[in-house]
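# Inside the fold
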Amino acid sequence: MHHFDWIRRHAERTPDKLAVVDAASDRPFTYAEWEGRITRLAAFMQGELDLRRGDRVSILSQNRSDYYEILFAAAKLGVIVNTLNWRLADPELAYIIDDCAPRVLFYEVPFTGTAAALHELRPFEHRVVMGGEPAGGEIPYETAIAAGGPSFDSPRLTYEDTWAIIYTSGTTGRPKGAQVTYGNFFYNAVGMGQAISLTADDINLNVLPTFHIGGLGLYACPTWHAGGTVVVMRTFDPDELLKLIERWRVTVILLVPAIYLALNQQTDLDRADLSSVRLWSSGGSALPPALVEQFAARGIIIQQGFGMTETGPTVFLIDRAHALSKAGSVGKPVLHTDVRIVSREGQVLGPGEIGELCIRGGNVTTGYWNRPEATADALREGWLHSGDAAMMDEDGFYYIVDRWKDMFISGGENVYPAEIENVLYEHPAVAEVAVIGVPDERWQEVGLALIVLKEGAALTADELIAFCHGKLARYKIPRSVRFVESLPRTAAGKVLKRALREVHGS
């Protein structure tokens, strides 16, 4: 027993309290029941799978409560969990498996083919299969839990020990495995818990992918730290999301802008009983102020935050009182996290100046797995250099202006696509938008707007460009517009600017 064992402590104090609900299979577990399963899994992992402190296990699965059981069982043993993004192609997954060298793969039946392909390339010592019958030779997950005994040996762990390795897609080159430590998870639970006043009475619905830091930290783990209840949703579906909020009387929820955009086009939103929700928040990418205003008109105040895989994830969350008046801002830093904005020359900047956001605190990663150079580059004198361009206003509210590398230069002026996108979102015909810089003989680069129209809406390029006049400086107004069916997105809902530049950038 050690102080990272949150579930055990709640099982002792509030054994009959509902800990988790797996929505897809409709399985609820109390803290006592869940701790029993987690303990038996840990005993099986140590006894039968021979896993020791520092060993890695990988998980290839969509959202399910079992995912978190593996996470908490690993914590009892000091085993490191690697979460695999199931949207990646086999060669991309093979690269990650090669890099972090897991001894065991936990996977879900729908990914049997991928699991077999990975096993051929770099064999796992054991494979454990969830949600169905194995294809041959693997261990069924429920069998593992049933076979596990009541006890195991627990090592002494520290806040510096790595709990999970989460690969960040990175906008350049190969993905890097961010080491998310017990301390990072703890400080996220404390910082976010304080920012949204989480208590044991809270019920969180998690629909964010569990292979992503958001699916672990917003707000699943902080809710368990507080002794509350998490409803695990397998995958996003607008109707199902509203039904689950009603059925379980969900109180806190964090969604990504892509989901808010989808809900905004959903007429049933006004018919659903959402009265139990006391906090709606957003992260993952910029939330257009126009969308904040449209939801506010429905009585839903969305609080925007900001975080990174490398910061466990929470850095900022805007308070409810300023969510509308400061729409577009991510608010102020959470309790135990320091931030500053620096120029390219390393000068600390004041209000109104745009520079790179740097972050320091117990929530910041110890670095990247097997990547001393990347670690030294990102972490300098205790400060994590985020790669995000940010600005603080006169009142101390922070704005993430854009990715440092998505900025383009037009006629000598820095242009941040997010600012233009926010204006284009105000047009009633626009469903989704992305702006990229494309080469131009005269101006070096100019903006190209890629637009997904709302169903049944009509709009020409000239009309949209005219809409920008008077709202943006002339050098910021896109020179051209292309209408597309959809935008490529990461699993976290961020638009893949690099993919857009490859297709449309010449």
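Residues numbered from 1 in each chain as written. Predicted model: local features only at pLDDT ≥ 70, side-chain atom pairs only at ≥ 80, totals over all residues. Heavy atoms only, no water.

### Topic: the pairing of strand S20 (residues 383-392)
The condition is simple: Partly exposed residues are those whose accessible area sits between 20% and 50% of the maximum for their type, while under 20% is buried and over 50% is exposed, using a 1.4 Å probe and protein chains only. What counts as a helix is a DSSP run of H or I of at least four residues, what counts as a strand is a run of E of at least two, and both are numbered from the N terminus. If DSSP finds at least two bridges between two strands, the strands pair.
Judged by how many residues are buried, S20 sits mostly within the fold: 10 of 10 residues are covered. Across 4 bridges, strand S18 (residues 355-361) lies against S20 in antiparallel orientation. In the sheet register, isoleucine 359 faces S20, and the bridge partner there is leucine 384. Examined bridge by bridge, strand S19 (residues 379-380) and S20 share 2 bridges and lie antiparallel to one another. Of the residues in S20, the one forming a bridge with leucine 379 is leucine 384. Counted along the chain from S19 to the antiparallel partner S20, the turn is 2 residues long, and its residue glutamate 381 has a positive phi close to 50°. Pairing of S20 with strand S21 (residues 398-403), which is carried by 5 bridges, proceeds in the antiparallel orientation. Bridged to alanine 389 within S21 is aspartate 402. From the end of S20 to the start of S21, which pair antiparallel, there are 5 residues, and glycine 396 there has a positive phi angle of about 85°.

### Comments concerning the sheet that holds strand S4 (residues 80-83)
Going by this rule: Contact criterion: two residues are considered in contact whenever any of their non-hydrogen atoms come within 4.5 Å of each other. To obtain each axis, a line is fitted to C-alpha atoms, and for helices this fit is confined to the stretch in contact; angles are then taken between N-to-C directions over 0 to 180 degrees.
With respect to topology, 7 strands assemble into an open sheet ordered S7-S6-S5-S3-S4-S8-S9, the strand pairing being mixed. Each having just a single partner strand, strand S7 (139-140) and strand S9 (176-181) make up the two edges of the open sheet. Two elements, S4 and strand S8 (residues 162-168), share 3 bridges in a ladder whose sense is parallel. Directly across from asparagine 82, in S8, lies its bridge partner isoleucine 165. Packed onto the sheet, helix H7 (residues 182-195) meets S8 and S9 and runs at close to 65° relative to S9.

### Notes on the pattern of salt bridges
Operational definition: By convention in these notes, a salt bridge is any Lys or Arg side-chain nitrogen within 4 Å of a carboxyl oxygen on Asp or Glu.
Inspection of the entire model under this criterion finds 31 salt bridges. Notably, a salt bridge pairs arginine 37 with glutamate 142, separated by 2.8 Å at the nearest N-O pair. Of the two residues, arginine 37 sits in helix H2 (residues 31-47) while glutamate 142 sits in helix H6 (residues 141-147), which places them 105 residues apart along the sequence. With relative accessibility at 38%, the residue glutamate 142 sits in the partly exposed group. One salt bridge connects aspartate 55 with arginine 103, and the closest N-O pair in it is separated by 2.5 Å. A residue pair is termed long-range when its members are at least 10 positions apart, and aspartate 55 in the loop between H2 and strand S3 (56-60) and arginine 103 in the loop between helix H4 (90-100) and strand S5 (104-108) qualify at 48 residues. Look at arginine 103 and you get buried, because its relative accessible area is 18%.

### Looking at the packing of aromatic side chains
How two aromatic rings sit relative to each other is set out by the distance from centre to centre and by the angle between their planes. Short version of the rule: Here a pair means two rings of Phe, Tyr or Trp (six-membered ring of Trp) with centres within 6.5 Å. Their orientation is stacked below 30 degrees between planes, edge-to-face above 60, and tilted elsewhere. Here, a charge over a ring is recorded when the distance from Lys NZ or Arg CZ to the ring centre is within 6 Å and its angle to the ring normal is within 35 degrees.
Tallied over the entire structure, the rule returns 20 aromatic pairs. Ring geometry for tryptophan 34 against phenylalanine 72: centres 5.9 Å apart, planes inclined by 70°, an arrangement best described as edge-to-face. Note that tryptophan 34 is positioned in helix H2 and phenylalanine 72 in helix H3 (residues 65-77), a separation of 38 residues in sequence. Taken as a pair, tryptophan 34 and phenylalanine 72 share a single burial class, namely buried. Taken together, Phe4, Trp6, Trp34, Tyr68, Phe72, Tyr159, Trp163, Tyr182, Phe185, Phe186, Tyr187 and Trp224 form an aromatic cluster joined through their ring pairs. The cationic tip of lysine 176 hangs over the ring face of tyrosine 368; the distance from NZ or CZ to the ring centre is 5.0 Å. Over the aromatic face of phenylalanine 467 sits the side chain of lysine 471, whose NZ or CZ is 3.9 Å from the ring centroid.

### A short note on the state of the cysteines
The criterion, for reference: The disulfide criterion used throughout: a pair of cysteine sulfur atoms within 2.5 Å.
Within this structure, the stated rule accounts for 0 disulfides. Here cysteine 221 is not cross-linked by a disulfide; its sulfur's nearest cysteine counterpart is in cysteine 100, at 19 Å. Accessibility expressed as a relative area gives 1% for cysteine 221, which makes it buried.

### Some words on the sheet that holds strand S25 (residues 444-453)
The strand order across the open sheet formed by 3 strands is S24-S25-S26, and the pairing between neighbours is mixed. At either margin of the open sheet sits one strand with a lone partner, and together these are strand S24 (430-440) and strand S26 (480-483). Taking the axes of each pair of neighbouring strands and ignoring which way they run, one obtains an average angle of 25° across the sheet. Bridge count between S25 and S26: 4 bridges; the pairing is parallel. The partner of leucine 448 across the bridge, within S26, is serine 480. Along the sheet face, helix H14 (residues 417-424) touches S24 and S25 and points at about 140° away from the line of S24. Of the strands in this sheet, S24, S25 and S26 are in contact with helix H15 (residues 461-468), which crosses S26 at around 130°.

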